[in-house]
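As a plain string of letters, each chain reads:
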Amino acid sequence: METHEKYGVERRGQVVAPGGFSRRLRPMVGSLRGRIPDRWMRDYLYGPLSTQVRNRFVHTWEFALPATVSIETRTICNGRCSFCLAAVQNRVRPDKSMPWKIFAGIVDDLAAVDFTGRLAFFVNNEPLLDKGLEKKIAHARKLLPRAFFQVSTNGLVLTPERADALFNAGLDDLTVNNYADHHEQVRENISKTMQSLSPERRSKFIVYVREQEAKLFNRAGSAPNADEAMRPMRAFCQMPFTQINIVHDGTVSLCCQDLLVQEPIGNVTERGVWPVWFSNRYREIRRRLLDKDRTCTDLCRVCDYRGFKTLTGVLRPFNRLFNVLK
């Protein structure tokens, strides 16, 4: 069996932040976006554009493995992002950690098929709050030598020592989302960590400067600063085709937008990773999404996610502008 795609990353070793031109352009584009009704965006832009992504899965979806396996080893987050229900000011989830037995069982299932996709040690949490993360990465690396290991963090508790420990354990990529108000400078501890890394490890490290008060998609209706979609979108969504998300007790959520696990697909401790991935419930959801039917689940019904991450082909140069229009 094979994964849908290899996990590609942009050039690391840099800080990515909006430039002067982008900062001046964003308010104008945002103002224009505010004049366009959401239903027009969904029906006449996202829906048709999602077809280009849909066509990649038509002939492979029934047998392909996920490109990404995400494991949430501890449930909590220490961030204060206004767009995320997992933020500390909301406290909607109890602090739970994944038992070693469950984690080891997941890795065994991945090793059984020689998984070579992306293994992400996070879902909707802050992964560095798991003090045993390095041990888990080291164990997984022994059994999955060809997989791509990634940690994505807000960097609040990141230190040079912690970064080195993660890379020593076998991490391939450390992505930092530096959330701040109005694109403030990179936090001192994050900057210090980047400067301390060897050239080789810096090439596996990237910092994105993001707005803490940003308004993004509604995260399947859970985003505190966004509204549910008034009616289901008529658009394909690639998430249940490309990712499997496993939370602390082994439950597989619908996708990464299912923060509260309101649409559980199954539990890997009872059935194993692959029986859940190829389960009848997941297959039915994918079958309906191929038909652009967002009524397949209650969460998909109210979700306004456009269904794909980036434009491809001749449209690729328009990605930055397109992201402002979300």
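As a reminder, the structure under discussion sits directly above these lines.
Residues numbered from 1 in each chain as written. Predicted model: local features only at pLDDT ≥ 70, side-chain atom pairs only at ≥ 80, totals over all residues. Heavy atoms only, no water.

J.: How should the pattern of salt bridges be read in this particular structure?
T.: Between side chains of opposite charge, a pair can form when the charged atoms approach closely. One pass over the structure, following the stated rule, counts twelve salt bridges. Across the pair E263 and R281 runs a salt bridge whose closest N-O atoms are separated by 2.5 Å. On the criterion of sequence distance, the pair formed by E263 in the loop between strand 8 (251-253) and strand 9 (266-267) and R281 in helix 11 (residues 280-290) is long-range, its members being 18 residues apart. Of the residues examined, E263 reaches a relative accessible area of 11% and is grouped as buried. (Salt bridge = Lys/Arg side-chain N within 4 Å of Asp/Glu carboxyl O. Helix = DSSP H or I, 4+ residues; strand = E, 2+ residues; numbered from the N terminus. Buried < 20%, exposed > 50% of the residue type's maximum accessible area, 1.4 Å probe, protein only.)

J.: Teacher, can you tell me more about the pairing of strand 7 (residues 243-246) here?
T.: Taken residue by residue, a regular strand's side chains alternate between the two faces of the sheet. Both faces of strand 7 are covered, namely the face carrying Q243 and N245 and the face carrying I244 and I246. Sheet topology places strand 2 (residues 68-71) next to strand 7; four bridges connect them, and they run parallel. Considered in strand 7, the bridge of T68 is made with Q243. Sheet analysis places strand 7 next to strand 8, joined by two bridges and oriented antiparallel. Bridging across to strand 8, I246 finds its partner in V252. Hairpin connection between strand 7 and strand 8: a loop of four residues separates the two successive antiparallel strands, and G250 in this loop has a positive phi of roughly 95°. (Pairing = 2+ DSSP bridges.)

J.: Honestly, the environment of L110 in this entry has me stumped. Any pointers?
T.: Position of L110 relative to the elements: it lies in helix 3 (residues 100-112). In this structure L110 comes out as buried when scored by relative accessible area, which is 0%. C-alpha of L110 to C-alpha of V207: the two residues are 97 residues apart in sequence and 29 Å apart in space. Non-local contacts of L110, meaning those with residues more than four positions away in its chain, are made with V69, F115, L119, L144, V273 and W274. (Contact = heavy atoms within 4.5 Å.)

J.: What is the right way to look at unusual backbone geometry in this model?
T.: Most of the time, phi is negative for any residue but glycine, and the peptide bond is trans. For R219, which is not a glycine, the phi torsion comes out positive at approximately 50°. At V261, a residue that is not glycine, the phi angle is positive and equals roughly 50°. Mapped onto the elements, V261 comes out in the loop between strand 8 and strand 9. Its relative accessible area of 23% is what places V261 among the partly exposed residues.

J.: Help me understand empty space enclosed by the protein, please; the structure alone is not making it clear to me.
T.: Rolled over the atoms, a probe sized like a water molecule indicates the empty space that remains. Following the criterion strictly, the structure yields two cavities of 30 Å³ or more and no others. Its boundaries defined by the atoms lining it, the largest cavity holds a volume of some 100 Å³. Lining the largest cavity are 13 residues, and of these C237, L254, C255, C300 and C303 sit closest to its centre. When contributions to the lining of the largest cavity are tallied by element, the ones reaching two or more residues are helix 8 (239-242) and helix 12 (298-302). Of the residues assigned to the lining of the largest cavity, the class counts are eleven nonpolar, one polar and one charged. When its volume is computed, the second largest cavity comes out at roughly 30 Å³. Lining the second largest cavity are E72, R93, V123, N124, V247, S253, C255, D258, L259 and V261. Grouping the amino acids of the lining of the second largest cavity by side-chain chemistry returns five nonpolar, two polar and three charged. (1 Å grid on protein atoms, 1.4 Å probe; cavity = no way out; pocket = protein on both sides within 12 Å on 5 of 7 lines; lining within 4 Å. Points joined across faces, edges and corners; volume = space filled by probe spheres on them. Nonpolar A, V, L, I, M, F, W, Y, C, P; charged D, E, K, R; others polar.)

J.: Please explain the sheet that holds strand 2 as it appears in this structure.
T.: In a beta sheet, neighbouring strands pair by backbone hydrogen bonds and run either parallel or antiparallel. Ordered by their spatial adjacency, nine strands build an open sheet running 1-6-5-4-3-2-7-8-9, and the pairing between neighbours is mixed. A strand with exactly one partner marks an edge of an open sheet, and here the two such strands are strand 1 (14-16) and strand 9. The sheet contact formed by strand 4 (residues 148-153) and strand 5 (residues 173-180) spans four bridges and is parallel. What sits directly across from V151, in strand 5, is L174. Running over the sheet, helix 6 (residues 188-196) touches strand 1, strand 5 and strand 6 (205-211) and is turned about 160° from strand 6. (Axes fitted to C-alpha atoms, helices over the stretch in contact; angles between N-to-C directions.)

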